[in-house]
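Chain by chain, the residues run as shown.
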Amino acid sequence: MTSNTRVVVIGAGLAGVRLARRLGELGTPALLVGDEEHAPYNRVLLAEVLAGRYAPEVITLPPPAGLLRTRVTGIDRAVRTVSCADGMSIAYDTLVLATGSNPVLPALRGLFTPDRRLPEGVHAFRTLDDCLGLAKAVRPGIRAVVIGGGLLGVSAARALAVRGAQVVLAQQAERLMERQLDPDASRLVRHHLTELGVEVHTECRVRDVRCVAGAVRSVELADGYALDADLVVLACGVRPRTGLAEQAGLAVRKGVLVDDELRTSDPYIHAIGDCAQHDGTVYGLAAPALEQAEALAELIAGDAGARYRGTRSLTRLTLTGPGSPFDLAAFGETEARPGDDVVRLADATRGTYRKVVVRDDRLVGGVLVGELGTVGALARAWEGAEPLPGDGPLLHLLTNDGGS
């Protein structure tokens with residue numbers, strides 16, 4: 001069977017759904033092809049589902065008009081068709097890859113069964129199925145080891161602790177969320193997790209997963225110390241899902257290479273979201289994916305001047321649990337270079353921390369922990385990249401809500 005559709009979008013995640021919906025609003029219908037059995041959902045909120053704060057249906061995205069559930073197996077660029085696992089062939093005039101990313105599975109001894117499956121009790125944490133599997137397995141008192149202390153690992157550890165698990169977080173780097181936070185902010189995150197009962201190990205490399213009868217029993221560290229485990233969560237980062245693009249002969253480095261029109265090396269194929277590499281950057285975050293979808297929708301719908309110039313993205317995380325929520329935000333460069341000016345405000349009693357980095361009279365980055373009333377004003381000053389008028393206004397940005 002062959003279906004003729006002008007715009008075909010592969011991938012029903014945040015980027016693909018936003019693109020398809022926006023194209024529909026602009027009068028250019030698109031066929032969205034997704035391979036997950038669930039309705040499209042907001043992946044950013046998976047940790048809240050795991051924590052029990054949201055039911056799975058709460059994170060469902062409004063579906064676009066045309067959604068086909070099947071797995072795309074190949075792209076024929078010569079005749080402009082995509083082939084699917086169910087035998088369907090779909091013709092396109094414009095094809096968009098929004099294939100997202102896959103979880104990084106570390107090279108650990110014992111991680112896979114002989115048939116290359118994860119042992120019972122070992123879970124990635126990337127999809128709704130992963131989340132539901134973890135939610136089913138977790139129970140009060142269960143021993144859980146989270147491998148990876150980045151944004152995803154911290155979120156997973158917090159969620160499991162809220163559900164009553166005995167959680168150990170093993171982070172290879174010297175601090176938690178080292179890509180987003182400076183040492184002081186990272187210490188506050190660690191303190192918050194510790195208060196929830198999470199045992200945090202940094203500068204700690206896992207080398208082995210020990211299983212009995214196909215089920216995980218412990219995790220062994222590089223120094224030989226073993227952590228008992230009924231549950232292991234792999235939160236070691238993600239890798240752009242570029243297999244279809246590579247098979248089709250498109251230019252790929254870390255991700256699928258795209259220009260300011262989000263066009264790949266084939267003029268009839270675009271890429272957006274986690275799988276795309278624009279101007280040397282693979283963002284792997286929601287905000288850039290949505291901005292790319294908006295820009296590409298305008299371009300496909302006929303705005304010849306529409307372009308994507310990159311995203312100055314802000315990382316924001318709310319850790320809920322007993323007591324008040326723990327909020328943090330980080331943007332730009334949170335570590336100063338020689339010659340930079342740094343302004344810090346810390347309140348140990350209230351557990352708040354604010355820091356900004358200024359270079360050549362411009363705000364180049366910042367991190368806030370606790371009260372985030374100033375984050376909107378700071379982010380606007382950073383995004384504008386305009387010279388700051390002086391120390392007084394910067395102090396005002398740090399200490400007032402700025403209308404955010």
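Just so it is clear, the model here is predicted, and its values are computed rather than measured.

We now examine the pairing of strand S15 (residues 215-221). A regular strand places its side chains so that they alternate between the two faces of the sheet. Among the 7 residues in S15, 6 count as buried, and that is most of the element. In this structure, strand S14 (residues 206-212) lies alongside S15, joined through 6 bridges in antiparallel fashion. Residue Val212 lies in a different strand from S15, and its bridge partner there is Ala215. Between S14 and the antiparallel strand that follows it, S15, lie 2 residues; Ala213 among them carries a positive phi value of about 55°. For S15 and strand S16 (residues 226-228), the ladder comprises 3 bridges, and the chain directions are antiparallel. If you follow Ser218 over to S16, its bridge partner there is Asp228. Here S15 hands over to S16 after 4 residues, with Gly224 in that stretch at a positive phi of 95°.

Since the α-helix packs 3.6 residues into each turn, any two residues three or four apart lie on the same face. Buried residues of helix H3 (residues 128-137): Leu128, Asp130, Cys131 and Leu134, and no others. Along H3, the residues classed as buried sweep out an arc of 155° about the axis, all on the same side. Where the residues of H3 are buried, they touch helix H2 (46-50), strand S10 (122-124) and strand S17 (231-234).

Let us look at the environment of Gly255. Inspection of the secondary structure assignment puts Gly255 in the loop between helix H6 (243-247) and strand S19 (256-258). Residues Gly255 and Asp274, spaced 19 residues apart in sequence, show a C-alpha to C-alpha distance of 8.0 Å. Ignoring any residue separated from it by four or fewer positions in sequence, one finds Gly255 in contact with Pro240, Thr242, Cys275, Gln277 and Val282.

Any two side chains of opposite charge can pair if their charged atoms end up close together. Under the definition given, this model contains 27 salt bridges. A salt bridge links Glu174 to Arg175, with the nearest nitrogen and oxygen atoms 3.5 Å apart. We note a salt bridge from Glu333 to Arg337, for which the minimum N-O separation is 3.5 Å. A relative accessible area of 30% places Glu333 in the partly exposed class. Three or more residues joined by partner-sharing salt bridges are found here, namely Arg18, Arg22, Glu25, Glu294 and Glu298.

Turning to the sheet that holds strand S11 (residues 143-147), a few remarks are in order. Strand order across the open sheet formed by 5 strands is S10-S17-S11-S12-S13, with parallel pairing between neighbours. Of all the strands in the sheet, just S10 and strand S13 (199-201) have a single pairing partner and so form its edges. The average angle at which neighbouring strand axes cross in this sheet is 20°, direction not considered. Note: strand S12 (residues 166-170) against S13, 3 bridges, orientation parallel. From the neighbouring strand, Leu169 faces S13, where its bridge partner is Val200. Where H3 meets the sheet, its contacts fall on S10 and S17, and the angle it forms with S10 comes to roughly 145°. The sheet contacts of helix H4 (residues 151-162) involve S11, S12 and S17, and relative to S12 the element is tilted by about 170°.

Analysis parameters
Residues numbered from 1 in each chain as written. Predicted model: local features only at pLDDT ≥ 70, side-chain atom pairs only at ≥ 80, totals over all residues. Heavy atoms only, no water. Buried < 20%, exposed > 50% of the residue type's maximum accessible area, 1.4 Å probe, protein only. Helix = DSSP H or I, 4+ residues; strand = E, 2+ residues; numbered from the N terminus. Pairing = 2+ DSSP bridges. Arc of directions from axis to C-beta. Contact = heavy atoms within 4.5 Å. Salt bridge = Lys/Arg side-chain N within 4 Å of Asp/Glu carboxyl O. Axes fitted to C-alpha atoms, helices over the stretch in contact; angles between N-to-C directions.

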